[in-house]
Amino acid sequence: MIPQFLTADEVQLLVTEYDRAETAHAHDTAKNKNAMVALSCTPRWVRDKISNFLTQVNSQTNLSVNCVFPGVTYFDNRCVKYNWHQDHDTYYMWQNSYNFLNFWIPIVKPERDQSGICVIPFDVIMPQISQSVQQRLIGHGSKKFPLRGNKTIMRDDSVGDYTVLDINIEDIKQTPSMAAGDLLLMRGDVIHKTQDSLTPRVAVSIRACDADYALSKEVFYAQCVYKKLYVKNDAMAYRVFHENFATSDFVSIREMFKYWNES
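Residues numbered from 1 in each chain as written. Predicted model: local features only at pLDDT ≥ 70, side-chain atom pairs only at ≥ 80, totals over all residues. Heavy atoms only, no water.

Focus on the pairing of strand 11 (residues 184-187)
- Residues Leu184 and Met186 of strand 11 are buried on one face, while the alternating residues Leu185 and Arg187, pointing to the opposite face, are not.
- Of the strand pairs in this sheet, strand 5 (residues 100-108) and strand 11 are connected by four bridges, and their pairing is antiparallel. What sits directly across from Asn102, in strand 11, is Met186. (Buried < 20%, exposed > 50% of the residue type's maximum accessible area, 1.4 Å probe, protein only. Helix = DSSP H or I, 4+ residues; strand = E, 2+ residues; numbered from the N terminus. Pairing = 2+ DSSP bridges.)

Right, dumping it as structure tokens:
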């Protein structure tokens, strides 16, 4: 966690952008309270700030992340509350959650220790799970983790199966104390959930990835029932994937972004 990653003035710029985006997406929000509240283009100053920060990330870790997503997502806990999961849409689309970062920044957050985000650190969970489960977590996504007593069910919505873990992940969670403008930097495969809805909170999520990663047609169309329904219900977002994979077996993320911007 990086305190005050954004200045007070930068936070206010994003609050204003969120208010504009929320108004534009009010109809979609009313139809689906579990949907992302609002989407908008990533402001140039945000892209520049994160791109500069990625230079440090790449030099100090084994990650290779070179591209800030062209769009940002705002999460308002008045409308969305997620239980334990690895992200679904980003893994269905981009297929690699290792060289993939989520810059999660609250922009409205009146209480440091309420209504934030809970995470399961890899260095804590890894010694408590089998090697086969480790391999299915690292670099992957699209999973839910419902709790059953002192166990956790790992439901894999990429392949449509489940695995019982002999731990209750609530017992090993961490909940960073955060204020508006603080940054929680998460790899794309980190298990996380909404902390609570006790106070109003809006967070912006800005993603970054390895734009040279080759997306696979075979992987995209390897769809269990849940994934197939998920893609169908968000047909507009996935249209560019169908169109690109109609003519190519592999498409780089960079090419997909280019096509997306032009369509």
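Okay, back to it.
What to know about the layout of surface pockets
- By volume, the second largest pocket amounts to about 270 Å³.
- Residue lining of the second largest pocket: Met1, Leu101, Val119, Ile120, Pro121, Phe122, Asp123, Leu184, Leu185, Met186, Arg187 and Val190, and that is the complete set.
- For the lining of the second largest pocket, the elements supplying multiple residues, two or more each, are strand 6 (117-120), helix 5 (122-125) and strand 11.
- Here the lining of the second largest pocket takes four residues from strand 11, the largest share from any one element.
- Among the residues making up the lining of the second largest pocket, the classes are represented as 10 nonpolar, no polar and two charged. (1 Å grid on protein atoms, 1.4 Å probe; cavity = no way out; pocket = protein on both sides within 12 Å on 5 of 7 lines; lining within 4 Å. Points joined across faces, edges and corners; volume = space filled by probe spheres on them. Nonpolar A, V, L, I, M, F, W, Y, C, P; charged D, E, K, R; others polar.)

Focus on the state of the cysteines
- This structure, assessed with the given rule, holds zero disulfides.
- We note that Cys118 lacks a disulfide partner, and the nearest cysteine sulfur, in Cys79, lies 20 Å from it.
- Here Cys118 falls in the buried class, since its relative accessible area comes to 2%.
- You can see Cys209 has no disulfide; the closest cysteine sulfur is in Cys67, sitting 4.9 Å from it. (Disulfide = S-S within 2.5 Å.)

A word on empty space enclosed by the protein
- Counted under the stated rule, the structure contains one cavity of 30 Å³ or more.
- Reported here for the largest cavity is a volume of approximately 30 Å³.
- Every residue lining the largest cavity is listed: Phe5, Leu6, Leu14, Val46, Lys49, Ile50, Ile105 and Ile206.
- A per-element tally of the lining of the largest cavity places helix 3 (residues 44-60) first, with three residues.

Things to note about the side chain of Lys109
- Turning to its location among the elements, Lys109 is positioned in the loop between strand 5 and strand 6.
- Summary of buried charges: Lys109 has no salt-bridge partner, and the nearest side chain of opposite charge, Asp113, is 6.4 Å away.
- Within the local environment of Lys109, its side chain forms a polar contact with the backbone oxygen of Glu111, the two atoms lying 2.7 Å apart.
- Only 2.8 Å separates the side chain of Lys109 from the backbone oxygen of Arg112, close enough to count as a polar contact.
- Ignoring sequence-local partners within four residues, the contact set of Lys109 consists of Gln114, Ser115, Gly116, Met178, Ala180, Pro200 and Arg201. (Lys, Arg positive; Asp, Glu negative; His and termini not counted. Salt bridge = Lys/Arg side-chain N within 4 Å of Asp/Glu carboxyl O. Polar contact = N/O pair within 3.5 Å; in protein donor to acceptor, adjacent residues only side chain to side chain. Contact = heavy atoms within 4.5 Å.)

Observations concerning the packing of aromatic side chains
- Overall, the coordinates contain 17 aromatic pairs when judged by the stated rule.
- Counting every residue linked through ring pairs, the aromatic cluster contains Phe69, Trp94, Phe100, Phe220, Tyr221, Tyr238, Phe241, Phe245 and Phe257.
- Cation over ring: Lys49 sits above Phe5, and NZ or CZ is 5.4 Å from the ring centre.
- For Arg155, the ring lying beneath its charged end belongs to Tyr226, and the centroid distance is 5.0 Å. (Phe/Tyr/Trp six-rings, centres within 6.5 Å; stacked < 30°, edge-to-face > 60°. Lys NZ or Arg CZ within 6 Å of the ring centre and 35° of its normal.)

A short note on helix 3
- The end-to-end C-alpha separation of helix 3 is 25 Å, in line with the 24 Å expected for 17 residues at 1.5 Å each.
- Three or more residues of helix 3 are buried, namely Val46, Ile50, Phe53, Leu54 and Val57. (Expected span 1.5 Å × (residues − 1).)

A closer look at the nonpolar core
- Counting 25 residues, the largest nonpolar core has Ile50, Leu54, Phe103, Ile107, Val204 and Ile206 as its most contacted members.
- At the level of elements, helix 1 (8-24), helix 3, strand 3 (71-76), strand 5 and strand 13 (202-209) are the ones that each hand at least two residues to this core.
- Among the elements that line this core, the one with the most residues is helix 3, at five residues.
- Once residues within four sequence positions are removed from consideration, Val204 is found in contact with Leu14, Val72, Thr73, Tyr74, Phe103, Trp104, Ile105 and Ile107.
- The next biggest cluster of nonpolar side chains, apart from the first, holds 24 residues, and it includes Met154, Leu165, Leu184 and Val190. (Core = buried A, V, L, I, M, F, W, Y, C linked by side-chain atoms within 4.5 Å.)

Observations regarding the pattern of salt bridges
- Per the counting criterion, the structure on display carries 16 salt bridges.
- Of the charged contacts in the structure, one is a salt bridge between Glu170 and Lys193, with a shortest N-O distance of 2.6 Å. Remark: Lys193 occurs in strand 12 (residues 191-194) and Glu170 occurs in the loop between strand 10 (161-165) and strand 11; sequence separation between them is 23 residues.
- One salt bridge in this structure joins Arg239 and Glu243, with 2.9 Å as the shortest N-O distance.

Quick look at unusual backbone geometry
- Unlike most non-glycine residues, Gln4 shows phi in positive territory, near 50°.
- Among the structural elements, Gln4 can be located in the segment before helix 1.

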